[in-house]
Structures are given as structure tokens and as C-alpha cells.
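Working through the structure, step by step
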Amino acid sequence: MKNAVQTFPIFDVLTLRRDFPILHQQVHGNLLAFLDTAASSQRPMQVIECLRDYYSRCHANVHRGVYKLSEEATLAYERSRGKVAHLIGAASPREVIFTRNATEAINLVAYAWGSANVREGDRILLTMMEHHSNIVPWQMLAQRVGAHLDYVRFDGEGRLVLEDLDHLLTERTKMVAVVHQSNALGTVNPVPEIARRAHEVGALMLVDGAQSVPHMPVNVQELGCDFLAASGHKMCGPTGIGFLWGQRHILDAMPPFLGGGSMIKVVETDTSTYADVPVRFEAGTPAIAEAIALGTAIDYLNGVGLEKIHHYEHELTAYALDRLGQVGGVTIHGPHTVEARGGTLIFTMEGIHPHDIASILDGEGIAVRAGHHCTQLLHRVLGVPATTRASFYLYNIPEEVDRLVAGLEKVKKLLE
Amino acid sequence: MDDFYREYILEHYKYPRNRGTLEHPTISHEETNFLCGDTVRLDILVENEVIQDIRFSGQGCAISMASASMLTEEIKGRSVEEAKAFSKEELLDLIGIPLDKNPMRLKCALLSLKTLKAGLYGVGAMQDEEL
Ligand SMILES: Cc1ncc(COP(=O)(O)O)c(C=O)c1O
């Protein structure tokens, strides 16, 4: 029997937890243990206050008024774009487009870039561990233009089989779209290497950063990619806001995605000319408050330090892999070591359905997710219809892992 | 949650009634809950407009499996007309757990009834509201 781990001396997690009001509630008579950040994170008071403050003091539409409120709102909105750019190492804030979420960001590329650049017979390369968000938009594009999809496999440890690139990357490959950190297996994929290989055949590289940007330092220059998509609600920000980053010269050459206000220069009866990047891709009134609060979320994450957050989750995940690995009948799908791995783990229990696991854990106040986690292809490879997923963030503590393990023992006692 | 996993539910889950398949069913129908991948197949033997025998197979959570077990037990020996009229409320009464606040688990509980109705009426997937 191990001594219980209190916490890790990387930052003061118990003090930090006070910033997250939602964590201090009882669920079915137990303190909430929120282990479903991979679906959506919780947010600190600072972000909630920012939304309140914005609507109480300075809401007006952006890029439209010459009066003070509108100017302030526009400034704050653009300042937030700058914070995103700085966070991911973009060359300029102009390369950052606000979207509703990562899904919309990928759809934007598949539609605007795809329609202009992908032709009949071309190929798009994905992986078998993609989220539906990084599959379906490409399928829709492929069906529209008559292109084909290829998939890189993953092995028994949840690692991409990079040898597949040898035959799947051809001069017909126009786009390689890969998840940075899997929202199911937790695997962190070797993006720089894949990007280099993609560029060798003249393809572009899109990185689905929905699960990496919130949890580790991500720098688009180091990744060597062409597009990066992420969602605010998974990184302590509000729902309804996400972003797409793209190389300036690629974005400049892309036709619009949605048409409407803001994204135009001159409107005639039959045609219009379009605004410059990034506004060209932000038709209509954007999620102003949410964009500004995303900036506050980024300030918060930077305040703790993404390197530290990554390190902390690393320790917590190592602890969880160890503890869960000792529960009889539990199979963890995905990397069993913390090397190139994030704090998301899926598992099955011999003869017990994930819904029952999640329901019984819910009774203990523990929030985990059961299902296919928007990765049906991945689950088909694993050969199971569903798994249970626990995922961690900067506010989770080892005690919650202990409660998860105790909860699983209870599940076994009830259902075995 | 302890509300869900009551003794008699666990009893039906661990020792299901009418689990298996029939050699020559009059009706055989399968339904899947796409949200979670649960499947229930019912094999039904009808003679003289009466359900002489019924078996269920498939995989799913304790709630969907216990529900299938209870439903088949209840419906066996009834007339087809009676079975067609068997309502969602009656099934929920049998299961006896409060699912009204839990739409996800409600779907699990109703999967077997959905399979029964679709099988008896000879139609494709039915909506929960039609049960
Ligand atoms: C890896 C990955 N990609 C994309 C998405 C889509 O994010 P959203 O639903 O915020 O668009 C998610 C989240 O569910 C994800 O985990």
C-alpha cells in the first residue's frame, strides 16, 4: 500500500481551486470531483467576472461604432486576439480568426481552403484517432469535390503508426489533419515530424489543438503546421468562442467561409469585395464578450504557467495510471507511460458497461464520461462500443484519483 | 444513483429472464441506442395471436438489460394486442426507478420496449415519444 499523495509541489493547487466556484459543491451528498475536463473545462472567477464586467460596463458592437463604448469593446476584442496570437506563437494577431469553437475552425478550413484547393482525385490524410470534428468536415469536402480520405493507424499503445505515412503520403495528398493530443487515448502525436513529412509532398498540415492548447505550451512555429484549431471552453474560457490560426499567406489567398456583415469591403448588387484577413472570416456580430473573456482565461493560464500546468498534469496522470492499473479487471486503452501523453485516460472494466460505471461514480460525486467521446473510428479499432474516460486539469488533485479508484471498487462490488 | 442500482434491478441484470434467442421466431427485431451503442434484439414466437415465447439478446448497461429481462417476463403469454398496448409508463413502473430527471438513462430503460413495439408493428425505428 502506497502512502496517499497529497499534492505535487509545482503550484499551490489547493489555493488555485478556490478560484473555481463550481468545484465547491456537493453532488449526491459528496464533494464534486470533476474529471471531465476533456469535454469542457471549468472556469475561474476571473473569467466569470470578466463576462459580468463586460456586460455591465462596456458592451457595444465591434468594428462598427465611433462612439466610446464601441471603441472600447473593439479594443478589448482585438487585445484578446493578440493574447491568443502570443499564446500560440503566431507571427501576428492577424493570423488569428475567432470562431465558435474548434469544430467551426476546422469547417472553415475544409470549406474555404478546401473548396479552392482540393480537386477530384486528391487525397486528405487523417488518423484513426481523430475526433469527429476532424473527420466529418473533410468527408463533406471529399464528397463535394470527389476527393478521397486516408487514415494513419494507431498501435496497441495508442501511438500513430508513422510507417503508414510512407505509402499514404503522395503527391495527390493536399491536406494532413491530425489531432495534437487525443481526447480519448491521451496520446500526444509527433506533429513536427508529421508536418515535415506533409510538406515534403506539398500538402498542408492542420493541427487539432482542442486538447493540447489548454494543457501545454503550444507554439505553431515549433509545430511547423499551417493551421491550428482550438476551443475556448476547454481552456478555462467561455463556451461559444474558439479560434483558428493559419499562416498569413495561406489565409490571404482563401475565399470567405460565411458571408454577411463585417467581412466585406464594397457590396454591389451582384458581387462584393471581401475584407482582409482576419475579418474576412468573421461574418456577422462575433461572440464579443466570450472573445474578451477568453483573453482573461489566457491571462489566468499564463499566470499559473502552461509549462507548470503540463508538469502538474504529468505527475497526476502518472499517479492515476499507477492507481488505476492496480484495479483488477480494468484495462487502460492508450499509452501506459506518461511520455508524450496528456491527462486523459479511457478504460474498460471486464463485463461492466461504461454507463453503469459513470452512473455509479456519479452517485459518489465523481463526474466522468461514458461513451465513444466523439471518436467512433477509434473505438472501432479498440473493438469496444464505449469506454469510460477520466480527464484532468490544473484544478484536479490526487485525492480525486483515490476517490475514482474507490468508486471503481464499489462498481465491481455492485455489478460483478 | 443508488436509486438506479436497486437489488431487484441488479438481480435481473445478473440473472436475466428469457435471455437468448429462438430457433424459429415469428418476429425478430433489433434496435440500437446510437448514443451509447446499446443493442437489444427480441425473438418473438406468436401463436394464435398470443406471445408464446420471447427471448432477448444484445449488450448494454445494467438498466437496459434489466429492463429487457423485466419486459420479456411481463409480456410472455400476453396477446399481441395487449403487448402492443403496453405503455412506457407501465414499463417504468415495473423498473420502478425515477428516470424522469435522467433523459440519457431513460433511453437505456426504454430500448427494449422500443424494440418490442417496432417488432410487433413491423416498422423501423420508433421515437421514444411514440411508445
Ligand atoms: C480533439 C478534439 N477536437 C475537436 C473537438 C471539438 O471541440 P468543440 O466541440 O469545442 O468544437 C474536441 C472536443 O470535443 C476535441 O476533444
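Residues numbered from 1 in each chain as written. Chains lettered and ligands numbered in written order. Predicted model: local features only at pLDDT ≥ 70, side-chain atom pairs only at ≥ 80, totals over all residues. Heavy atoms only, no water.

Let us now look at the overall build of chain B. Within chain B one finds five helices and three strands. When the helices and strands of chain B are read in sequence order from the N terminus, they spell out α-β-β-β-α-α-α-α. Since a compact globule built from 131 residues should have a radius of gyration of about 14 Å, the 14 Å found for chain B is in line with a globular shape. With the principal axes as the frame, chain B shows a C-alpha extent of 40 × 30 × 25 Å. Within chain B, the fraction of its 131 residues that count as buried is 49%. Taking the contacts inside chain B whose residues are at least 6 apart along the sequence as the reference set, 59% of them involve residues at least 24 apart. Averaging the coordinates of the 15 positive side-chain charges in chain B and doing the same for the 23 negative ones gives two points 3 Å apart. (Helix = DSSP H or I, 4+ residues; strand = E, 2+ residues; numbered from the N terminus. Rg over C-alpha atoms; globule rule 2.2 N^0.38 Å. Buried < 20%, exposed > 50% of the residue type's maximum accessible area, 1.4 Å probe, protein only. Contact = heavy atoms within 4.5 Å. Lys, Arg positive; Asp, Glu negative; His and termini not counted. Charge placed at Lys NZ, Arg CZ, Asp CG, Glu CD.)

Quick look at the domain arrangement of chain A now. All names here are of chain A. Partitioning chain A into structural domains gives domain 1 (2-40 + 305-415) and domain 2 (49-302). For domain 1 and domain 2, the distance between their C-alpha centres works out to 28 Å. Each partner contributes residues to the interface: domain 1 has 39 residues there, and domain 2 has 33 residues. Of the roughly 2,900 Å² buried where domain 1 meets domain 2, counting both sides, 57% is carbon and sulfur surface. On the domain 1 side of the interface with domain 2, the three residues burying the most area are Leu306, Leu377 and Tyr393, jointly 22% of the side's total. Run the count over domain 1 and domain 2 and you get zero salt bridges. (Domains from an automatic or database assignment. Buried area = accessible area lost by both parts, 1.4 Å probe. Salt bridge = Lys/Arg side-chain N within 4 Å of Asp/Glu carboxyl O.)

It is worth spelling out the environment of Ala118(B) at this point. All names here are of chain B. Relative to the helices and strands, Ala118 is located in helix H5 (residues 103-121). Of the residues examined, Ala118 reaches a relative accessible area of 1% and is grouped as buried. Sequence spacing of Ala118 and Leu131 is 13 residues, and the spatial spacing of their C-alpha atoms is 9.4 Å.

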